[in-house]
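# Summary of the model geometry
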Amino acid sequence: MSNQPLLRIAVQKSGRLFDASVALLRDAGITLSNGSNRLLRATASNFPLEVIFLRDDDIPEYVEEGVVDAGIVGENVVLEKQKNVEILERLGFGHCRLCLALPKNSVYESKTSLEGLRIATSYPRILSGFLGKNNIKAELHDISGAVEITPSLGLADAIFDIVSTGSTLLANGLREVETVLESQAILIANHKLGDAQRDIMQRLLFRLHANRNAKNHRYILLNAPNERIDDIIAVLPGIKSPTILPLAIPGWSSLHSVVPENVFWDVLEKLKAAGAQGILVVPIERMIV
Ligand code: PRT
Ligand code: ZN
């Protein structure tokens, strides 16, 4: 290897975030070619990046200490570890929430119902913060796994744990009573990145933003009689203004525009009502705004 500067990024070695983290880099045009130590690290062949595979619990500390420059990890882990790292980006995968749950037949009226309970969790710091903020005193049991079964074993009255679909709670006869934190995978970085690493990070972020914008938008093409163009433009929330091209048939035009994904069904209905015909909606590969 040359001694060209590299950005070292930590990714979960195996587990729920692994596939999406690797896909995020791949979609940013980064090809990972595994070196000799293939289980621990991989270097990119076409971008100055080295990926170090770690347990997610270790990532915040490694980033804080500068062993790696950056990391992809759940926000829940970053907040629990209380490491001093910079949060650069929410990545849109690994969504979950940290919730308090009680046996389904127990009484729960408000947060004060938690007073004096034994609560089992792997997230004692986040839980203490929540209880402290609400002036609730409870007995915390710090448990590293299988938190959901502790109430049925008589070890706890409540749990504080990660929930995604809620089926694990249901299977253990528990019900969610409070959501304390909404979490997703985030990109974190060391506070004191060198100039070269910061530049590489900017290039990576540029690519991630181009992909995210593309995913959040659709390209719309439609035909319309010229006299309807003003009405149609009025319902198009385009990035700037739509492109208008004449059709071979006199008096008709083709309009092209970019529409946010979350509103495009509404926009389609309005376009049709405004006289648009032959509407095409296509995905966008990359989008730089
Ligand atoms: O080995 P390593 O330490 O790296 O991994 P890990 O076992 O600590 O973590 P892992 O791979 O389970 O999760 C990594 C991250 O994924 C978490 O820190 C969260 O940010 C995120 N995430 C998203 C989840 C879930 N969804 C999730 N559902 N983490 C855990 N769960 C658990 C949940 O606690 C429950 O026990 O999955 C189970 C199923 O959830 P339900 O609600 O869908 O039934
Ligand atoms: Zn872990």
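Coordinates for the structure precede this section.
Residues numbered from 1 in each chain as written. Chains lettered and ligands numbered in written order. Predicted model: local features only at pLDDT ≥ 70, side-chain atom pairs only at ≥ 80, totals over all residues. Heavy atoms only, no water.

A few words on the overall build of the protein. Across its full length, the protein holds eight helices and 16 strands. Reported as C-alpha extents along the three principal axes, the dimensions of the protein are approximately 80 × 60 × 30 Å. Burial status across the protein gives 42% buried among its 289 residues. Put simply, of all contacts in the protein between residues at least 6 apart along the chain, 69% involve residues at least 24 apart. Taken as a whole, the protein presents about 15600 Å² of accessible surface, with 50% of it coming from carbon and sulfur. (Helix = DSSP H or I, 4+ residues; strand = E, 2+ residues; numbered from the N terminus. Buried < 20%, exposed > 50% of the residue type's maximum accessible area, 1.4 Å probe, protein only. Contact = heavy atoms within 4.5 Å. Areas by Shrake-Rupley, 256 points an atom, 1.4 Å probe, with all protein chains shown as cover.)

A positive phi is found at N135, a non-glycine position, where the angle reads about 55°. Looking at where N135 falls in the secondary structure, it is placed in the loop between helix 4 (124-133) and strand 9 (139-142). Non-glycine residue A146 carries a positive phi angle of around 50°. The residue A146 is located in the loop between strand 9 and strand 10 (158-163) in this model.

Turning our attention to the coordination of the zinc ion (ligand 2). Binding of the zinc ion (ligand 2) to the protein goes through D56 (OD) and D57 (OD), at separations of 2.0 to 2.1 Å. One can describe the donor arrangement at the zinc ion (ligand 2) as irregular, given that its four donor atoms subtend angles of 75 to 173° at the metal. (Donors = N, O, S within 2.8 Å, 3.2 Å for Na, K, Ca; no water. Tetrahedral: all angles 85-135°; square planar, octahedral: opposite > 155°, others 65-115°.)

Moving on to the pattern of salt bridges. The tally for this structure, following the rule as stated, stands at 11 salt bridges. In this structure, the salt-bridge partner of R41 is E50, at a minimum N-O distance of 2.9 Å. A salt bridge links R55 to D57; its shortest N-O distance comes to 3.0 Å. Among the residues examined, D57 registers a relative accessible area of 27% and is labelled partly exposed. (Salt bridge = Lys/Arg side-chain N within 4 Å of Asp/Glu carboxyl O.)

Right, let's get into the environment of K192. By the element assignment, K192 lies in the loop between strand 12 (185-189) and helix 6 (195-215). With 127 residues separating them along the chain, K192 and E65 place their C-alpha atoms 9.8 Å apart.

Around ligand 1 there are 23 residues in total, and R16, D57, N76, T165 and T168 lie nearest to it. Contacts to ligand 1 include D56, whose side-chain N or O atom sits 2.8 Å from an oxygen atom. At 3.2 Å from an oxygen atom of ligand 1 is found a side-chain nitrogen or oxygen belonging to S167. In the complex, 78% of the free accessible area of ligand 1, which totals 840 Å², lies under the protein chains. (Near = heavy atom within 4 Å. Polar contact = N/O pair within 3.5 Å; in protein donor to acceptor, adjacent residues only side chain to side chain.)

Most of strand 15 (residues 252-260) is tucked away: seven of the nine residues are buried. Taken together, the nine bridges between strand 13 (residues 217-225) and strand 15 define a ladder with antiparallel strand orientation. The partner of Y219 across the bridge, within strand 15, is V258. With four bridges joining them, strand 14 (residues 243-246) and strand 15 adopt antiparallel strand pairing. Within strand 15, the residue paired with I244 across the bridge is L255. Between strand 14 and strand 15, which pair antiparallel one after the other, the connecting turn spans five residues, and G251 there sits at a positive phi close to 85°. (Pairing = 2+ DSSP bridges.)

A few words on helix 4. Within helix 4, the full set of buried residues consists of P124, I126, L127, F130 and L131. Seen end-on, helix 4 carries its buried residues on one side only, within an arc spanning 165°. In the core, the buried residues of helix 4 are packed alongside helix 3 (75-81), strand 7 (96-103), strand 8 (118-121), strand 9, strand 10 and strand 11 (174-183). Count one or two residues on from helix 4 and you reach N135, which has phi positive near 55°. (Arc of directions from axis to C-beta.)

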